Amino acid sequence: AKNVGILAMEIYFPPTCVQQEAMEAYDGASKGKYTIGLGQDCMAFCTEVEDVISMSLTAVSSLLAKYKIDPKQIGRLEVGSETVIDKSKSIKTFLMQIFEKSGNTDIEGVDSTNACYGGTAALFNCVNWVESSSWDGRYGLVVCTDSAVYAEGPARPTGGAAAIAMLIGPDAPIAFESKLRGSHMSHAYDFYKPNLASEYPVVDGKLSQTCYLMAVDTCYKYFCHKYEKLEGKQFSLSDAAYFVFHSPYNKLVQKSFARLLFNDFLRNASSVDEITKEKLAPFSTLTGDESYQSRDLEKASQQASKSLYDAKVQPTTLIPKQVGNMYTASLYAAFASLIHNKNSELAGKRVILFSYGSGLTATMFSLRFHEGQHPFSLSNIASVMNVAGKLKSRQEFPPEKFVETMKLMEHRYGAKDFVTSKDCSLLYPGTYYLTEVDSMYRRFYAKK
Ligand code: ACO
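How each quantity is defined
Residues numbered from 1 in each chain as written. Predicted model: local features only at pLDDT ≥ 70, side-chain atom pairs only at ≥ 80, totals over all residues. UniProt positions renumbered as here; feature names shortened; annotations may be inferred. Helix = DSSP H or I, 4+ residues; strand = E, 2+ residues; numbered from the N terminus. Rg over C-alpha atoms; globule rule 2.2 N^0.38 Å. Buried ≥ 20, exposed ≤ 12 C-beta atoms within 10 Å, placed from the backbone. Contact = placed C-beta atoms within 7 Å. Axes fitted to C-alpha atoms, helices over the stretch in contact; angles between N-to-C directions. Parallel < 35°, antiparallel > 145°, perpendicular 65-115°, else oblique. Left-handed = near helix turned anticlockwise from the far one by under 90°. Nonpolar A, V, L, I, M, F, W, Y, C, P; charged D, E, K, R; others polar. Near = placed C-beta within 6 Å. Pairing = 2+ DSSP bridges. Expected span 1.5 Å × (residues − 1).

- As recorded by an unreviewed UniProt entry, the protein chain carries the name Hydroxymethylglutaryl-CoA synthase and is attributed to Gossypium australe.
- Listed under Sequence similarities (unreviewed entry) in UniProt, the entry text for the protein chain is "Belongs to the thiolase-like superfamily. HMG-CoA synthase family."
- Looking at the protein chain in UniProt, the text filed under Function (unreviewed entry) is "Catalyzes the condensation of acetyl-CoA with acetoacetyl-CoA to form HMG-CoA."

### A word on the overall build of the protein chain
Stage number 1. The helix and strand tally for the protein chain stands at 16 helices and 19 strands.
Stage number 2. Against the 2.2 N^0.38 benchmark of 22 Å for 448 residues, the protein chain shows a C-alpha radius of gyration of 21 Å, consistent with a compact globule.
Stage number 3. Counting every position in the protein chain, which comprises 448 residues, the buried fraction comes to 49%.
Stage number 4. Across the protein chain, every contact between residues at least 6 apart in sequence was considered, and the portion connecting residues at least 24 apart equals 75%.

### Remarks on the packing of helix α3 (residues 52-66) against helix α4 (residues 91-100)
Stage number 1. The geometry of α3 relative to α4 is characterised by a closest axis approach of 10 Å and an angle of 45 degrees between their N-to-C directions. In terms of axis orientation, α3 runs oblique to α4. Crossing handedness for the pair α3 and α4: right-handed. For the pair formed by α3 and α4, the contact residues are V52, I53, S56, L57, V60 and S61 on the first element and I91, F94, L95 and I98 on the second.
Stage number 2. Split by residue class, the contact of α3 with α4 holds 8 nonpolar, 2 polar and no charged.

### Quick notes on the environment of E278
Stage number 1. Examined against the element boundaries, E278 turns out to sit in helix α8 (residues 274-280).
Stage number 2. C-alpha of E278 to C-alpha of A304: the two residues are 26 residues apart in sequence and 9.7 Å apart in space.

### Re the site of the ligand
Stage number 1. Among the 22 residues in the neighbourhood of the ligand, the closest are listed as G32, G37, P154, G205 and P248.
Stage number 2. The leading source of residues in the shell around the ligand is helix α6 (residues 205-231), at 4 residues.
Stage number 3. Partitioning the shell around the ligand into residue classes produces 10 nonpolar, 9 polar and 3 charged.

### A word on the sheet that holds strand β19 (residues 443-447)
Stage number 1. An order of β17-β18-β19 is seen for the 3 strands of this open sheet, with the pairing classed as antiparallel. The sheet is open, and its two edges are formed by β17 (418-419) and β19, each paired on a single side.
Stage number 2. Taken together, the 5 bridges between strand β18 (residues 432-437) and β19 define a ladder with antiparallel strand orientation. Bridge pairing in β19 links Y433 to A446.

### Digging into the sheet that holds strand β8 (residues 174-185)
Stage number 1. With mixed pairing, the 9 strands of this open sheet are ordered in space as β5-β4-β6-β7-β1-β8-β13-β12-β11. Both edges of this open sheet fall to β5 (111-112) and β11 (242-245), since each of them pairs with a single strand only.
Stage number 2. Relative to the sheet, α4 contacts β4 (74-80), β5 and β6 (139-148), its axis offset from that of β4 by approximately 145 degrees.
Stage number 3. Relative to the sheet, helix α14 (residues 378-385) contacts β1 (5-12) and β13 (361-369), its axis offset from that of β1 by approximately 15 degrees.

### Re the UniProt feature "domain: Hydroxymethylglutaryl-coenzyme A synthase C-terminal" (unreviewed entry) in the protein chain
Stage number 1. The positions UniProt marks with the feature "domain: Hydroxymethylglutaryl-coenzyme A synthase C-terminal" (unreviewed entry) are residues 174-448.
Stage number 2. For the annotated span residues 174-448, helix accounts for 44% and strand for 20% of the residues, and the straight-line distance between the end C-alpha atoms is 32 Å.

### Overview of the UniProt feature "active site" (unreviewed entry) in the protein chain
Stage number 1. In the numbering used here, UniProt assigns the feature "active site" (unreviewed entry) to E82, C116 and H246.
Stage number 2. Looking at the secondary structure, you find C116 in the loop between β5 and α5 (118-131).
Stage number 3. Exposure remark for C116: the 32 C-beta atoms within 10 Å place this residue in the buried category.
Stage number 4. Looking at the element boundaries, H246 is found in the loop between β11 and α7 (250-266).
Stage number 5. Since 31 C-beta atoms lie within 10 Å of it, H246 is described here as buried.
Stage number 6. Apart from the residues within four sequence positions on either side, H246 is in contact with C116, S330, L331, F354, S355 and Y356.

### Here we look at α5
Stage number 1. Here α5 is 14 residues long and its end C-alpha atoms lie 20 Å apart, about the 20 Å a rise of 1.5 Å per residue gives.
Stage number 2. The buried fraction of α5 is high, at 10 of 14 residues.
Stage number 3. Looking only at α5, the buried set comprises G118, G119, T120, A121, A122, L123, C126, V127, W129 and V130.

What follows is the structure in structure tokens.
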């Protein structure tokens, strides 16, 4: 199989959201802390009728319907998620309801978990399967689904929720450059979920930022090294049209891209211009550790990378800024933003993606765009996803209502023997929603 990659995509996020500006006022944070400080506009959240299973049921059934894929054509289904509803039964098995109906139970794959990285693990598994000798000619399907919720406090505005489904196969408009990959994996306690009675993570916010930036640097180093061995020339920011990052909040994405430019400067890449060299020269002798602590470097490199950021990163930021951190779906929602914004100009271009999951696991990898053929074309993917339409038809909740919902969800997490309000008035037709969890913890869903 050649040009294996993403043939089709669908994204779903809850229509319920809260404005970050309103959250600032409600939390008593200084004005601009969430909107400018974190760089976030709005945050989506699940109400009591939605969860990671309902969102992924919606994304998968919508993808199959809109691209006219017979469920029998799926041979592998992989889910990435860090939202634990059951410690044994995978989310994938819930999704089998869609496929059993059409008589297809011959589908490999289960769930992958490591914080926000599970979706990338699932994606690599599917791509590897299609490229392998065990491939049976059918499509792979990857689902990234998470509800990101935090306890009250500084991390709460970095929540979000979404599910993304991606169809995998050969001759894809979004093809993997499989040899171009750099990973960094190590042991850290930056963000983890040791309390099995709570949906909320334990977070060391500052440490998680440093871990993320160190992973960016290390992955980029390995990535460049592999590129140089393969291509016989140096890699620099000018060798890719776009850079897409896992996006816990937009400010960290700005800092990450600035770090890449700093790396190019330290490696003496020929693409780095004189003005940038001048601006970054004072920092050339910092040790690695010092460089993560230096506010002056942060400022100087963000300034120096501003115009490159506007061209190569800004078009990827729409959905993460509007929906928030979607954990496993966050990177792919950023990628979906790029297709939404630029689909007609992407053919032939290279895009670099950076996936990060706390704990920690990270990979930087490369994709190449092709025109594609209907229904698997970039323009059709953009129109199926209908990002602008979905963003526009959302319902804004006041912060009080959001906090009330969080309290109810805390109560419902791990609970049994309840029925939901079954109120699906805010959901679009075709959306799945939770109706009941019975005395045996079995979950039941309906479709609007
Ligand atoms: N106007 C403009 N900017 C402001 C204002 C204001 N009124 N007030 C603060 N800021 C800026 C700060 O200067 C800071 O920016 P900087 O980093 O460029 O200096 C930014 O807003 C955030 O302010 P902090 O005081 O650093 O925020 P705090 O420590 O309260 O919380 C944090 C931020 C740590 C990111 C928290 O939200 C968190 O823990 N989030 C979850 C962890 C996370 O997402 N980590 C990322 C990788 S791991 C993962 O994906 C889960």
